[in-house]
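An overview of the molecular structure
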Amino acid sequence: GEEVDNNRGCCISVSSFTKIFAPGVRLGWIEAPPRIIQCLSNYGYINSQGGNAPFMGSIMANAMELGLLDSYLDKLRIEYKERYELVCGILQQEPRLSILSIDEPRAGGYFIWVQFPPTINADEFLSYSIDNYGVRFKNQSIP
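Residues numbered from 1 in each chain as written. Predicted model: local features only at pLDDT ≥ 70, side-chain atom pairs only at ≥ 80, totals over all residues. Heavy atoms only, no water.

1. Section: the overall build of the chain
The helix and strand tally for the chain stands at 5 helices and 4 strands. Start at the N end of the chain and walk to the C end: the helices and strands fall as β-β-α-α-α-α-β-β-α. A buried classification covers 17% of the 143 residues belonging to the chain. Intrachain contacts of the chain at a sequence separation of at least 6 include 38% that bridge at least 24 residues. Split by element, the accessible area of the chain, about 11,300 Å² in all, is 55% carbon and sulfur. (Helix = DSSP H or I, 4+ residues; strand = E, 2+ residues; numbered from the N terminus. Buried < 20%, exposed > 50% of the residue type's maximum accessible area, 1.4 Å probe, protein only. Contact = heavy atoms within 4.5 Å. Areas by Shrake-Rupley, 256 points an atom, 1.4 Å probe, with all protein chains shown as cover.)

2. A look at the environment of Arg 35
Note that Arg 35 resides in helix α1 (residues 34–41). Classification of Arg 35 as partly exposed rests on a relative accessible area of 28%. Sequence separation of Arg 35 and Arg 8 is 27 residues, and the distance between their C-alpha atoms is 8.9 Å.

3. Section: helix α4 (residues 68–92)
Between its first and last C-alpha, α4 extends 36 Å over 25 residues, near the 36 Å set by a 1.5 Å rise per residue. Burial in α4 covers these residues: Leu 69, Leu 73, Leu 76, Tyr 80, Tyr 84, Cys 88 and Leu 91. (Expected span 1.5 Å × (residues − 1).)

4. A few points about the side chain of Ser 129
Mapping Ser 129 onto the fold places it in helix α5 (residues 122–133). Among residues more than four places away in sequence, those in contact with Ser 129 are Gly 134, Val 135 and Phe 137.

5. What about the pattern of salt bridges?
In total, this model carries 4 salt bridges according to the counting rule given. Here Lys 81 and Glu 85 are joined by a salt bridge, their closest N and O atoms 2.8 Å apart. Note that Lys 81 and Glu 85 are positioned in helix α4 at a spacing of 4 residues, about one turn of the helix. The exposure class assigned to Glu 85 is partly exposed, which follows from its relative accessible area of 45%. A salt bridge links Glu 94 to Arg 96, with the shortest nitrogen-to-oxygen separation between them at 2.7 Å. Judged by its relative accessible area of 24%, Glu 94 is partly exposed. (Salt bridge = Lys/Arg side-chain N within 4 Å of Asp/Glu carboxyl O.)

6. Topic: the packing of aromatic side chains
Taken as a whole and assessed by the stated rule, the structure comprises 7 aromatic pairs. Geometrically, the ring pair formed by Tyr 128 and Tyr 133 is edge-to-face, given 6.0 Å between the ring centres and 70 degrees between the ring planes. We classify Tyr 128 as partly exposed; its relative accessible area is 41%. According to the relative accessible area criterion, Tyr 133 is exposed, its value standing at 58%. The rings of Phe 116, Phe 125, Tyr 128, Tyr 133 and Phe 137 are connected pair by pair, giving a single aromatic cluster. (Phe/Tyr/Trp six-rings, centres within 6.5 Å; stacked < 30°, edge-to-face > 60°.)

7. Quick notes on helix α3 (residues 54–65)
For α3, with 12 residues, the first-to-last C-alpha span of 16 Å sits near the 16 Å given by 1.5 Å per residue. Backbone geometry just downstream of α3 places Gly 67 in the positive-phi region, at approximately 80 degrees.

In structure tokens:
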């Protein structure tokens, strides 16, 4: 068999069902190297009663076993792909903007990277977008 080096890796990802299933689902998971998961699983509040939210954990386990989460995620991907394409289509009508993420394969998602030319003040455009369309974006320079 292949030997696993449990001392490698230090990246921890904490995720939640809140955005991928329902806002009221206050339940999540942690992805990390085995040694970190082992340390976390030694805490009593995680071991006792099946974690902090055993009832919701049971509901989500059943939803996953029945394929409900997968079918819901399939619907979300379609919806986010349509939204992405709609927003990109609108942004492409403005010749001064460059959509940096347009050529990336997309099945849906939250992020569109847009580059403003120096002649457009991104802070002013942010105010305009919020006031007129309720659309917010993160204004940040990329070095």
